[in-house]
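Chain residues, written in single-letter form:
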Amino acid sequence: MKLIITRDYEEMSRRAADIVISHMVQKPDMVLGLATGSTPEGLYQKLIEAYRGGTIDFSNVRTFNLDEYYGIDEDNDQSYHYFMKEKLLDHVNIPMENTHILDGMAEDVHAECMDYERRIDEAGGIDLQILGIGKNGHIGFNEPGDVFIRRTHLVDLDQETIQANSRFFTCKEEVPTQALTMGIETIMKARKIILIASGEGKAEAIYRAVKCEIHPMVPASILHVHPDVTVIVDEEAASKL
Ligand code: PGA
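As the structure is a prediction and not an experimental result, all values here were calculated from the model.

Engineer: Before we go on, may I ask you to explain helix α1 (residues 9–26) in this structure?
Structural biologist: Note that an α-helix has 3.6 residues per turn; residues three or four places apart therefore point the same way. Its 18 residues place the ends of α1 26 Å apart at the C-alpha level, agreeing with the 26 Å of an ideal helix rising 1.5 Å per residue. Tucked inside the fold, the buried residues of α1 contact β1 (2–6), β2 (31–34), α2 (41–52), β6 (128–131), β9 (192–197) and β10 (229–234).

Structure below.
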């Protein structure tokens, strides 16, 4: 696990963007794993700028998102479909058929999850996966628990996650309590992973992910056994290391 501590959010975003950009230049048809949340917004802005500047081209890139709320339509402005379009996909030249996000309205959840795994495999696997981290140590929506859940699945969100997500919703009742998420093995199969975190609120999670032994109560701790993980955190998120 390689650790990069940056001065601030801006530098964290730039260092992460540099890695994605150099990968995309070397492999224009790369398979990119995307994350949602506040943390990657700066990174996505920098990818848009690099695209506008002519440094990168998304026409052959394929993307797979980590997760999506369950029971929320993709047109809902709180869905991760909506987030990805607004923050990245609508601003670059990626063909929409190259973008993959789990269907939060799928009637047959099991079939949707199996199909997602199949689509990732058919694309040749994920070359580079971007991850954020929850305050509770989750990656994707793999919440702390007794075991690591390997494959893409439906998950009951933690109270802490529901609380954190509630900042985007007008009332508590609207906050989804379930989501579809790539599993731990799905994430770990990515050839390269970058995990980004910013701010004091993530310091404890980063400490537990980086310093503690591997345990499903800290889902991000599994990254220790991945051969190519770069953790990029600003000084505040690194403050407990
Ligand atoms: P955040 O979410 O970037 O909005 O903090 C990260 C996560 O929960 O994985």
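Next comes the rest of the write-up.
Engineer: Help me understand the site of the ligand in this model?
Structural biologist: Taken together, Gly-37, Ser-38, Thr-39, Gly-132, Ile-133, Gly-134, His-138, Arg-167 and Lys-202 are the residues near the ligand. For the ligand, an oxygen atom lies 2.9 Å from a polar atom in the backbone of Ser-38. Here the ligand, which alone exposes 290 Å², has 81% of that area covered by the protein. One can see that the ligand is located within the largest pocket. Here the shell around the ligand is built from residues that sort into one nonpolar, six polar and two charged.

Engineer: I keep staring at the layout of surface pockets and nothing clicks. Help me out?
Structural biologist: The gaps left among the atoms become clear once a water-sized probe is rolled over them. If you add up the space inside the largest pocket, you get close to 740 Å³. Around the largest pocket, the lining is made up of 36 residues, and of these Thr-36, Gly-37, Ser-38, Asn-165 and Arg-167 lie nearest the centre. Secondary-structure elements contributing two or more residues to the lining of the largest pocket are β4 (67–69), α3 (80–87) and α5 (159–165). The leading source of residues in the lining of the largest pocket is α3, at five residues.

Scoring rules and cut-offs
- Residues numbered from 1 in each chain as written.
- Predicted model: local features only at pLDDT ≥ 70, side-chain atom pairs only at ≥ 80, totals over all residues.
- Heavy atoms only, no water.
- Helix = DSSP H or I, 4+ residues; strand = E, 2+ residues; numbered from the N terminus.
- Expected span 1.5 Å × (residues − 1).
- Contact = heavy atoms within 4.5 Å.
- Near = heavy atom within 4 Å.
- Polar contact = N/O pair within 3.5 Å; in protein donor to acceptor, adjacent residues only side chain to side chain.
- Areas by Shrake-Rupley, 256 points an atom, 1.4 Å probe, with all protein chains shown as cover.
- 1 Å grid on protein atoms, 1.4 Å probe; cavity = no way out; pocket = protein on both sides within 12 Å on 5 of 7 lines; lining within 4 Å.
- Sits in = over half its atoms within 2 Å of the grid points.
- Nonpolar A, V, L, I, M, F, W, Y, C, P; charged D, E, K, R; others polar.
- Points joined across faces, edges and corners; volume = space filled by probe spheres on them.

Purely spatial values, then, with no claim about function.
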